[in-house]
Amino acid sequence: CWKTVCNFIAKMTTETFYFGYGSNLNKEDFDQFCQDCGFEGAELQPYSAAWLVDHKLQFHYYSTSRNGGAADIVHGYGMAVPGVLFRVGEAAIEALNAKEG
């Protein structure tokens, strides 16, 4: 279920949007990942603030690269996760799939 939320990509008209949260809100972090992994042209273009209703953040995974907990989204009735809706192109979708699984 969390992978569905993490990798939420919706087609709206001719544009593709991605709900980003956690480290994907940090432009420098995403840009560095793309540079290190060869994803040229991958860009997250902020569209608007967004909330994922009836979900919550949980830090139940350990990230060796960050030396700490990694944010995940799980169901949380009555709660909401803040994030950003990004416009994305094919290069960004490929980078996000590689980064988030």
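Residues numbered from 1 in each chain as written. Predicted model: local features only at pLDDT ≥ 70, side-chain atom pairs only at ≥ 80, totals over all residues. Heavy atoms only, no water.

*Asks:* What is the right way to look at the overall build of the protein chain in this model?
*Replies:* Per the secondary structure count, the protein chain includes three helices and four strands. Starting at the N terminus, the α and β elements of the protein chain follow one another as α-β-β-α-β-β-α. By the burial criterion, 34% of the 101 residues in the protein chain qualify as buried. The long-range fraction of contacts in the protein chain, counting pairs at least 24 apart against all pairs at least 6 apart in sequence, stands at 67%. Summed over all atoms, the accessible surface of the protein chain reaches about 6400 Å², with 55% contributed by carbon and sulfur. (Helix = DSSP H or I, 4+ residues; strand = E, 2+ residues; numbered from the N terminus. Buried < 20%, exposed > 50% of the residue type's maximum accessible area, 1.4 Å probe, protein only. Contact = heavy atoms within 4.5 Å. Areas by Shrake-Rupley, 256 points an atom, 1.4 Å probe, with all protein chains shown as cover.)

*Asks:* Is there a simple way to explain the nonpolar core in this structure?
*Replies:* When a protein is soluble and globular, its nonpolar side chains tend to lie buried together. By size, the foremost hydrophobic cluster in this structure holds 12 residues: Tyr-18, Phe-30, Phe-33, Cys-34, Ala-42, Leu-44, Phe-86, Val-88, Ala-92, Ile-93, Ala-95 and Leu-96. Elements represented by at least two residues in this core include exactly helix H2 (27-37), strand E4 (68-88) and helix H3 (90-100). Sequence-distant contacts of Phe-86, that is, excluding residues within four places in its chain, are made with Thr-16, Phe-17, Tyr-18, Gly-20, Asn-24, Leu-25, Leu-44, Gln-45, Pro-46 and Tyr-47. Ranked by size, the runner-up nonpolar core spans seven residues in total, among them Tyr-21, Ile-73, Val-81 and Leu-85. (Core = buried A, V, L, I, M, F, W, Y, C linked by side-chain atoms within 4.5 Å.)

*Asks:* What am I meant to see in the confidence of the model for the protein chain here?
*Replies:* Low pLDDT means the predicted coordinates in that region are not meant to be read closely. Residue-level pLDDT values for the protein chain average 85, and 87% of them are 70 or greater. By mean pLDDT, the top-scoring element of the protein chain is H2 (93), and the lowest-scoring one is helix H1 (residues 2-6) (47). Contacts of residues 1-6 to residues separated by more than four positions or lying in other chains number 13 contacts, the stretch itself having pLDDT below 50. (pLDDT = per-residue confidence, 0-100.)

*Asks:* Quick question: what am I supposed to make of unusual backbone geometry here?
*Replies:* Most peptide bonds adopt trans geometry, and most residues besides glycine take a negative phi value. Even without a glycine there, the phi angle at Asp-54 is positive, about 65°. Relative to the helices and strands, Asp-54 resides in strand E3 (residues 45-63). Look at Asp-54 and you get partly exposed, because its relative accessible area is 32%.

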